[in-house]
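Residue-level listing of the chains:
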Amino acid sequence: MGINLMNKASTPGPMRVLHVVGSMNRAGAEVMLMNLYRILDRSKLQFDFLYFTDNACDFDDEIRSLGGQIFILSPNEFRNPLTQMLGLKKLLMANPQIKAVHLHTLLNSAFCLVAAKWANVAVRVTHSHNTADVVNPSFIRRVYQTVAKQVILAYSTSRVACTRDAAEYLFNSAEGVTLLPNGFDLDHTLSESEKNTSMLRTLIEAKAEECVLIQVARFNPQKNHRFSIDVLKALQEKNFGCRLALVGDGSLRQDIQSYAKQQGVADRVFFLGVRTDVPCLLGGADVMLLPSHFEGLGIVLVESQVTGLPAIVSEGVPQEADLGVGLITFLPIDEGPEVWSDHIRSKQYAVSTISSDRLQRIRDQGYDVEQNIELLESIYSG
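Residues numbered from 1 in each chain as written. Predicted model: local features only at pLDDT ≥ 70, side-chain atom pairs only at ≥ 80, totals over all residues. Heavy atoms only, no water.

Quick notes on a negative patch on the surface
Together, D41, D185, E370, E374 and E377 make up a negatively charged patch on the protein surface. Note that E377 resides in helix α15 (residues 369–380). (Patch = residues over 30% accessible without salt bridge, like charges linked within 9 Å, V, L, I, M, F, W, Y side chains within 5 Å. Areas by Shrake-Rupley, 256 points an atom, 1.4 Å probe, with all protein chains shown as cover. Salt bridge = Lys/Arg side-chain N within 4 Å of Asp/Glu carboxyl O. Lys, Arg positive; Asp, Glu negative; His and termini not counted. Charge placed at Lys NZ, Arg CZ, Asp CG, Glu CD. Helix = DSSP H or I, 4+ residues; strand = E, 2+ residues; numbered from the N terminus.)

Regarding the side chain of S156
Relative to the assigned elements, S156 resides in the loop between α5 (139–155) and β6 (158–161). Polar contacts involving the side chain of S156 include one to the side chain of T126, which spans 2.6 Å. Separated by 2.7 Å, the side chain of S156 and the backbone oxygen of I152 make a polar contact. (Polar contact = N/O pair within 3.5 Å; in protein donor to acceptor, adjacent residues only side chain to side chain.)

Considering the sheet that holds strand β1 (residues 15–22)
Judged by pairing direction, the sheet is parallel, and its seven strands sit side by side in the order β3-β2-β1-β4-β5-β6-β7 without closing on themselves. The sheet terminates laterally at β3 (70–72) and β7 (178–179), the two strands that pair on one side only. One ladder, built from three bridges, connects strand β2 (residues 45–51) with β3; its direction is parallel. Among the inter-strand pairings, Y51 is bridged to a residue of β3, identified as I72. Docked against the sheet, helix α4 (residues 109–118) engages β1, β4 (98–103) and β5 (123–128), running at close to 175 degrees with respect to β5. (Pairing = 2+ DSSP bridges. Contact = heavy atoms within 4.5 Å. Axes fitted to C-alpha atoms, helices over the stretch in contact; angles between N-to-C directions.)

Points about the packing of helix α3 (residues 81–94) against α4
Where α3 meets α4, the axes come as close as 8 Å, and the angle between the chain directions of the two elements is 40 degrees. Here α3 is positioned oblique relative to α4, judged by the angle of their axes. The two elements α3 and α4 meet at a crossing, and its hand is right-handed. Contact with α3, carried on its side by P81, Q84, M85, L86, L88, K89 and L92, involves F111, C112, V114, A115, A116 and W118 of α4 and no other residues of that element. Here the residues of the contact of α3 with α4 are counted per class, giving eleven nonpolar, one polar and one charged. (Parallel < 35°, antiparallel > 145°, perpendicular 65-115°, else oblique. Left-handed = near helix turned anticlockwise from the far one by under 90°. Nonpolar A, V, L, I, M, F, W, Y, C, P; charged D, E, K, R; others polar.)

Side note on the pairing of strand β12 (residues 311–314)
Both faces of β12 are covered, namely the face carrying A311 and V313 and the face carrying I312 and S314. As paired elements, strand β11 (residues 287–290) and β12 share three bridges and run parallel to each other. Counterpart to L289 in the pairing with β12 is I312. Relative to strand β13 (residues 328–331), β12 is paired through four bridges, and the arrangement is parallel. Paired with I312 across the two strands is T329, which belongs to β13. (Buried < 20%, exposed > 50% of the residue type's maximum accessible area, 1.4 Å probe, protein only.)

A short note on the environment of V269
Along the chain, the position of V269 falls in strand β10 (residues 269–273). Sequence-wise, V269 and I204 are 65 residues apart; in three dimensions their C-alpha atoms are separated by 8.8 Å. Setting aside anything within four residues of it in sequence, one finds V269 in contact with I229, L232, L244, L246 and A260.

Re the confidence of the model for the protein
Confidence in the prediction for the protein averages 91 pLDDT; 95% of positions are at 70 or higher. Here residues 5–10 is a poorly scored stretch, pLDDT under 50, and it has 17 contacts once near neighbours within four places are set aside; other chains count. (pLDDT = per-residue confidence, 0-100.)

As for the pattern of salt bridges
Throughout the structure, instances matching the rule amount to 15 salt bridges. Notably, a salt bridge pairs R218 with E30, separated by 3.6 Å at the nearest N-O pair. Placement of R218 in the loop between β8 (211–216) and α9 (225–237) and of E30 in helix α1 (residues 28–39) is noted, with a sequence separation of 188 residues between them. A relative accessible area of 35% places R218 in the partly exposed class. Exposure remark for E30: the relative accessible area of 10% places this residue in the buried category. In this structure, K223 engages E295 in a salt bridge whose closest nitrogen and oxygen atoms are separated by 2.6 Å.

Side note on the sheet that holds strand β9 (residues 242–247)
Strand order in this open sheet of six strands is β10-β9-β8-β11-β12-β13, and the pairing throughout is parallel. In the strand order of this sheet, the two ends are held by β10 and β13, each with one partner. Averaged over neighbouring strand pairs, the angle between their axes works out to 25 degrees when direction is ignored. Examined bridge by bridge, β8 and β9 share six bridges and lie parallel to one another. Bridging from a neighbouring strand, V212 pairs with R243 of β9. In this fold α9 packs onto β8, β9, β10 and β11, with an angle of close to 170 degrees to the strand it touches most, β9. Packing of helix α12 (residues 299–307) onto the sheet brings it into contact with β8, β11, β12 and β13, and relative to β11 it is tilted by some 165 degrees.

Some words on unusual backbone geometry
At N120, a residue that is not glycine, the phi angle is positive and equals roughly 65 degrees. Relative to the helices and strands, N120 is located in the loop between α4 and β5. Of note, the phi angle at N172 is positive, near 70 degrees, even though the residue is not glycine. Within the secondary structure, N172 is located in the loop between α6 (164–171) and β7.

Structure representation (structure tokens):
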């Protein structure tokens with residue numbers, strides 16, 4: 001497909017910001033961006049998106065319906081960093097209506113920052129959504145991390161992160177970093193979960209006495225789905241009736257399906273794919289699992305706390321994920337799945353506040369999407 005250089009410089013209108021995302025499928029950062037995009041005043045501020053994939057993405061149609069442009073640097077033509085930088089420079093020079101770039105590609109943001117600087121884009125925002133980039137990095141990878149971080153510090157005009165831990169990972173410090181929580185419509189999320197308490201149980205044919213576990217995450221090594229399968233197996237070996245719903249998609253989905261068969265629990269694991277109704281599914285679950293090796297924060301953890309769903313998460317999840325409403329339990333993953341299964345069997349989940357108090361506490365911590373828009377506008381204005 002190559003590079004899209006559509007030039008609309010002659011058309012007056014809102015300030016345009018190019019979000020460099022890789023792709024726009026349903027995942028934490030991408031959902032956060034769409035939550036913002038849907039409610040901003042698009043007569044004043046408009047989002048465009050840069051992909052590094054030729055594949056169609058989940059949000060393409062909605063982006064275009066909202067007036068956004070989608071640019072593509074095809075991986076077939078722009079595989080190495082130098083051609084990628086030159087391609088992005090060319091794109092930005094051909095589209096001077098783009099006044100800011102907002103980068104969401106972690107360490108790879110370094111290449112795009114250089115290109116944006118070459119193209120004289122004055123506002124260059126780097127956004128950290130994570131606390132690591134790979135599990136067990138090699139020596140070469142660690143060198144790359146060090147160099148990329150130095151470039152990011154030198155070329156960013158603004159630094160943004162979802163949590164302090166994410167800021168400290170990419171920028172070496174939270175000082176001078178704007179913390180932008182992954183906001184969404186809290187009231188709608190709570191309402192949808194409360195109206196659909198039986199939906200998930202019906203979907204996976206769970207019996208009334210069975211415990212329903214859920215993990216909402218992309219199928220990649222970071223999210224550690226095998227551990228959730230192991231937890232389910234440990235529970236089954238103790239004759240504890242339960243089922244596991246896995247929501248999402250990704251490169252490791254078939255691997256996890258095979259692993260569930262190997263462990264003898266395939267009949268208890270339900271692969272629900274990418275869903276647009278996650279709050280509805282959360283409303284019917286008993287416990288959320290998030291055994292990630294590392295995590296920026298995990299927007300689904302905020303959603304789960306809004307809905308009142310207890311969650312057991314790994315110590316790779318930042319403490320900031322606990323919003324103080326009594327729903328998060330941190331457990332180690334290096335001690336094995338039995339620790340998690342014993343906790344589930346004990347049913348000693350954290351106790352939640354009533355919904356109105358819970359919602360207000362979460363809103364006070366900046367997770368209302370309206371607050372996020374105001375913060376973004378101030379960043380783009382310099």
